[in-house]
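Listed here are the chains, written in short residue letters.
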Amino acid sequence: MSGAIFRRVPNKLAQLAVGRGGIAVGEAVKRANAALDDLKDASIAIIDDQLAEIDRLFGPGNPDRAGLSLDILYAQASQIIDAGGGLTGSGLEECARAVCDLVSLSRANNTCDWDAIDVHIATLKVLRAQGQSLTASQRLTLLKGLSDVTAKRAGEV
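Presented here is a report on the structure given in the accompanying data block. (Residues numbered from 1 in each chain as written. Predicted model: local features only at pLDDT ≥ 70, side-chain atom pairs only at ≥ 80, totals over all residues. Heavy atoms only, no water.)

1. Regarding the packing of aromatic side chains
To keep it simple, the criterion reads: Pairing of aromatic rings covers Phe, Tyr and Trp, the last counted by its six-membered ring, and requires centre-to-centre distances within 6.5 Å; plane angles under 30 degrees mean stacked, over 60 mean edge-to-face, and any other angle means tilted. Two conditions define a charge sitting above a ring: the NZ of Lys or the CZ of Arg must be within 6 Å of the ring centre, and it must be within 35 degrees of the ring normal.
Inspection of every chain in the model, using the stated rule, returns zero aromatic pairs. One Lys or Arg, arginine 107, reaches over the ring of tyrosine 74 and ends 4.7 Å from the middle of that ring.

2. Quick look at unusual backbone geometry
Definition in use: Each residue is assigned to one of three classes by its accessible area relative to the maximum for its type, calculated with a 1.4 Å probe on protein chains only: buried under 20%, partly exposed between the two thresholds, exposed over 50%.
In this structure, asparagine 110 is a non-glycine residue whose phi angle is positive, near 55°. On the basis of relative accessibility, which here comes to 71%, the residue asparagine 110 falls in the exposed class.

3. Regarding the pattern of salt bridges
The condition is simple: Salt bridges are defined as contacts in which a side-chain nitrogen from Lys or Arg sits within 4 Å of a carboxyl oxygen from Asp or Glu. Secondary structure elements are taken from DSSP: a helix is a run of H or I of four residues or more, a strand is a run of E of two residues or more, and numbering for both begins at the N terminus.
The final tally for this structure, using the stated rule, is eight salt bridges. Of the charged contacts, one joins lysine 125 and aspartate 55 as a salt bridge, the two residues approaching to 3.4 Å between their closest N and O atoms. You can see lysine 125 sitting in helix α5 (residues 114-130) and its partner aspartate 55 sitting in helix α2 (residues 25-58), a full 70 residues away along the chain. Ionic pairing is found between aspartate 113 and arginine 153, a salt bridge with its closest N-O pair at 3.4 Å. Of this pair, aspartate 113 sits in the loop between α4 (92-109) and α5 while arginine 153 sits in helix α6 (residues 136-154), and the two are 40 residues apart along the sequence. When its relative accessible area of 22% is taken as the criterion, aspartate 113 is described as partly exposed.

4. Some details on helix α3 (residues 70-83)
Put simply, the rule is: One fewer than the residue count of a helix, multiplied by 1.5 Å, yields its expected span. We call two N or O atoms a polar contact when they sit within 3.5 Å, provided that within protein one can donate a hydrogen and the other can accept it, with sequence-adjacent residues counted only if both atoms are side-chain atoms.
Taking 1.5 Å per residue as the helical rise, α3 with its 14 residues ought to reach 20 Å, and the 20 Å between its terminal C-alpha atoms agrees with that figure. A side-chain oxygen of the first residue of α3 lies 3.0 Å from the backbone nitrogen of aspartate 71; this N-cap is serine 69.

5. Brief notes about the packing of α4 against α5
To keep it simple, the criterion reads: The axes are straight lines fitted to the C-alpha atoms, using for helices just the contacting stretch, and the angles between their N-to-C directions are given from 0 to 180°. The labels follow the angle: roughly parallel below 35 degrees, roughly antiparallel above 145, roughly perpendicular from 65 to 115, and oblique for the rest. Rotating anticlockwise by less than a right angle from the far helix to the near helix defines a left-handed crossing, while the corresponding clockwise rotation defines a right-handed one. Residue contacts follow a heavy-atom distance rule, with two residues in contact if any of their heavy atoms lie within 4.5 Å. When residue character is reported, Ala, Val, Leu, Ile, Met, Phe, Trp, Tyr, Cys and Pro are called nonpolar, Asp, Glu, Lys and Arg charged, and the others, Gly included, polar.
In the contact formed by α4 and α5, the axes pass within 9 Å of each other and the chain directions differ by 165°. If you check the angle between α4 and α5, you find them roughly antiparallel. With respect to the hand of their crossing, α4 and α5 are arranged in left-handed fashion. Across the interface between the two elements, Leu92, Cys95, Ala96, Ala98, Val99 and Leu102 from α4 touch Ala116, Ile117, His120, Thr123, Leu124, Leu127 and Arg128 from α5. The residue makeup of the contact of α4 with α5, split by class, is 10 nonpolar, two polar and one charged.

6. Describing the nonpolar core
Test applied: In this description, a nonpolar core means a group of buried Ala, Val, Leu, Ile, Met, Phe, Trp, Tyr and Cys residues linked to one another through side-chain atoms lying within 4.5 Å.
With 30 residues, the main nonpolar core has Phe58, Leu70, Leu73, Ile117 and Leu124 as its most contacted residues. With eight residues, the top contributor of residues to this core is α4. Ignoring anything within four residues of it in the chain, the contact list for phenylalanine 58 reads Glu53, Arg65, Leu68, Ser69, Leu70, Ile72, Leu73, Gln76, Trp114, Ile117, Asp118 and Ile121.

Here it is in structure tokens:
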């Protein structure tokens, strides 16, 4: 059995720190955190835009929602999943996945349960507003409720 060969890969941050005119580690960390904050703000903006659009198009206030393709709802929920890193620990990503699951089930069964969609949209809104302040147990309870709604639609409960 041969031994593994490890190679050092050049690290740009390390080069900056030790190189001529380099930056201190503390400064590098500050810059990294600032970049993450910018990404977080952009991520939250995407989430808020998609959630507003979901509510406008598919919420109970739109009397014409039945004429819309659920593919739009699926795409919007997918955007929330993609941007979910901006609100880690909120449960939004998981809730958006539950919306996608419900849409997939609706497609497969060629049906649409607007009450179930309303519950999922309401949960998205609650998790956006309060998800990070809820306990893990409270978030899990909300998400389990969505799973139960989908399972009932699938005839599993």
